[in-house]
Amino acid sequence: MKFVLEDLILKYGIGLSKRFTRKQKNTFINEIGKDFQTCGYRVQGAASKKKGSYAVNLHVGDVGKSKKIIVVNYDTPQHNFGNPMKYYPFDGPATLASSFFPIYAPSIIGGVLALWLVISYVPKIDFSTNFIYSLCVSVTLIVVMIVSFLLTKGIANKVNFNRNTSSVLVALMLASELSDEDREKVAFVLTDNGCTNHAGDYMLREALPTTIDQRLVIMLDCVGDGEEFVIGYKEDSKKEAIELAEQFKTKPKRKLCNKEELRYTSFSFYKKALLVSKGNFKNGSLVVENISTNQDTNCDIESLNQVVRALKRFIEKNN
């Protein structure tokens, strides 16, 4: 089955734009699983409790035997309440530093406010002589603590066109365009919790404990916005990075990723791997902007088509 990209953007970029809560993720998995099935693929869910949270991956095709695995984090981030967060696909520590205040701002502000209430008003609480005053102060303190906790735990970001709906759409479009022969050698895995604790990546490694390091894993991450494509690679995948870059209309930059840079990233879980991303260069690093905000509204159709065409040609030449 051939899909129309504009229709998929409406469906997954607007209709199913939030994949933050378990219910939202399950609805998404059910819908996109049906779309992969219409392309002739077998789909299977894999669930586990990892890192203190329940995660569900979607396996598409023969993950156990395929030579290549296309991996995409399908979950979407929480909305941040601090300065706009910058996302560095090839630099986990930089992403962590950039996201700390936006994520924890509610806790910091709530803690300061609660401390001020405790110092200034709590000592005057006396329900026997001033019930209304004491009740108001107590309720206010409890509300501040609960609200700051809930905001830090996270509220789903409303629009997530680039992170990571763009990559999900590329995976689905690519799956629909591969030949029957290529489908037997390429599988897709949509992984959970890529925006948080990478539980889905842990699960994929555990599902293929003896073979994952020999498979070529191609990760897609934020490919819908920005000025330049970059292909990240490991030492074991330099040849494949060169070959994939040659398939793009405008040859993307290539980046050899080291272990220190890849801490706290999904890419760090895979040994023989490529990572395709798009963004803007600032101070020598590729940055994806506007994610986790209401400005994550761009999912450039030509960018997505470029990635689909490049991956399709790469798979055809290397199968």
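This text goes with the structure placed above it.
Cut-offs used in this document
Residues numbered from 1 in each chain as written. Predicted model: local features only at pLDDT ≥ 70, side-chain atom pairs only at ≥ 80, totals over all residues. Heavy atoms only, no water. Phe/Tyr/Trp six-rings, centres within 6.5 Å; stacked < 30°, edge-to-face > 60°. Helix = DSSP H or I, 4+ residues; strand = E, 2+ residues; numbered from the N terminus. Buried < 20%, exposed > 50% of the residue type's maximum accessible area, 1.4 Å probe, protein only. Pairing = 2+ DSSP bridges. Salt bridge = Lys/Arg side-chain N within 4 Å of Asp/Glu carboxyl O. 1 Å grid on protein atoms, 1.4 Å probe; cavity = no way out; pocket = protein on both sides within 12 Å on 5 of 7 lines; lining within 4 Å. Points joined across faces, edges and corners; volume = space filled by probe spheres on them. Nonpolar A, V, L, I, M, F, W, Y, C, P; charged D, E, K, R; others polar. Polar contact = N/O pair within 3.5 Å; in protein donor to acceptor, adjacent residues only side chain to side chain.

Enquirer: Residue-level account of the packing of aromatic side chains, with values.
Expert: How two aromatic rings sit relative to each other is set out by the distance from centre to centre and by the angle between their planes. In this structure the tally under the stated criterion is 10 aromatic pairs. Arranged with centres 5.3 Å apart and planes meeting at 20°, the rings of Phe28 and Tyr74 form a pair that is stacked. Of this pair, Phe28 sits in helix α2 (residues 22-38) while Tyr74 sits in the loop between β3 (68-73) and α3 (92-120), and the two are 46 residues apart along the sequence. Just as Phe28 is buried, Tyr74 falls in that class too. Aromatic pair Tyr202 and Phe269: ring centres 4.7 Å apart, planes at 75°, arrangement edge-to-face. Of this pair, Tyr202 sits in helix α7 (residues 199-207) while Phe269 is found in the loop between β7 (253-256) and β8 (273-282), placing the two residues 67 residues apart along the sequence. Note on Tyr202: relative accessible area 32%, which makes it partly exposed. For Phe269, a relative accessible area of 13% translates into the label buried. Pairwise contacts between aromatic rings join Tyr12, Phe28 and Tyr74 into one cluster.

Enquirer: How would you explain the pairing of β8 if you had to name every residue and give the values?
Expert: The element β8 is largely enclosed, with a buried count of eight among its 10 residues. Two elements, strand β5 (residues 216-221) and β8, share five bridges in a ladder whose sense is parallel. Residue Val217 lies in a different strand from β8, and its bridge partner there is Ala273. Bridge analysis of strand β6 (residues 228-233) against β8 gives six bridges, and the strand direction is antiparallel. Among the inter-strand pairings, Tyr233 is bridged to a residue of β8, identified as Leu274. Across three bridges, β8 lies against strand β9 (residues 285-287) in antiparallel orientation.

Enquirer: Help me get a handle on the pattern of salt bridges, residues and values and all.
Expert: Considering all chains together, one arrives at 15 salt bridges under this definition. Here Lys272 makes a salt bridge to Glu240, at a shortest N to O gap of 3.8 Å. Taken together, the residues Lys272 in the loop between β7 and β8 and Glu240 in helix α8 (residues 238-245) connect sequence positions 32 residues apart. By relative accessible area, Lys272 is classed as partly exposed at 23%. Glu289 is paired through a salt bridge with Lys282; the nearest N and O atoms lie 2.7 Å apart. Accessibility expressed as a relative area gives 24% for Glu289, which makes it partly exposed. Its relative accessible area of 36% is what places Lys282 among the partly exposed residues. Three or more residues joined by partner-sharing salt bridges are found here, namely Lys11, Glu31, Lys34 and Asp35.

Enquirer: Describe in detail the layout of surface pockets, supporting the description with residues and values.
Expert: If you add up the space inside the largest pocket, you get close to 1,200 Å³. No other element matches α3, which puts seven residues into the lining of the largest pocket. Looking at the lining of the largest pocket, its residues break down into 19 nonpolar, 19 polar and eight charged.

Enquirer: Talk me through the side chain of Asn280; I want residue IDs and the actual numbers.
Expert: For Asn280, the location among the structural elements is in strand β8. Looking at Asn280, its side chain comes within polar contact range of the main-chain nitrogen of Glu227, at 2.9 Å. Side chain to side chain, Asn280 and Glu289 meet in a polar contact 3.5 Å long.

Enquirer: Account for the pairing of strand β4 (residues 186-191), naming residues and giving values.
Expert: In terms of burial, β4 is a largely internal element, six of the six residues being buried. Burial along β4 is two-sided: Val186, Phe188 and Leu190 facing one way and Ala187, Val189 and Thr191 facing the other are all buried. Of the strand pairs in this sheet, strand β2 (residues 53-60) and β4 are connected by three bridges, and their pairing is antiparallel. Directly across from Leu58, in β4, lies its bridge partner Leu190.

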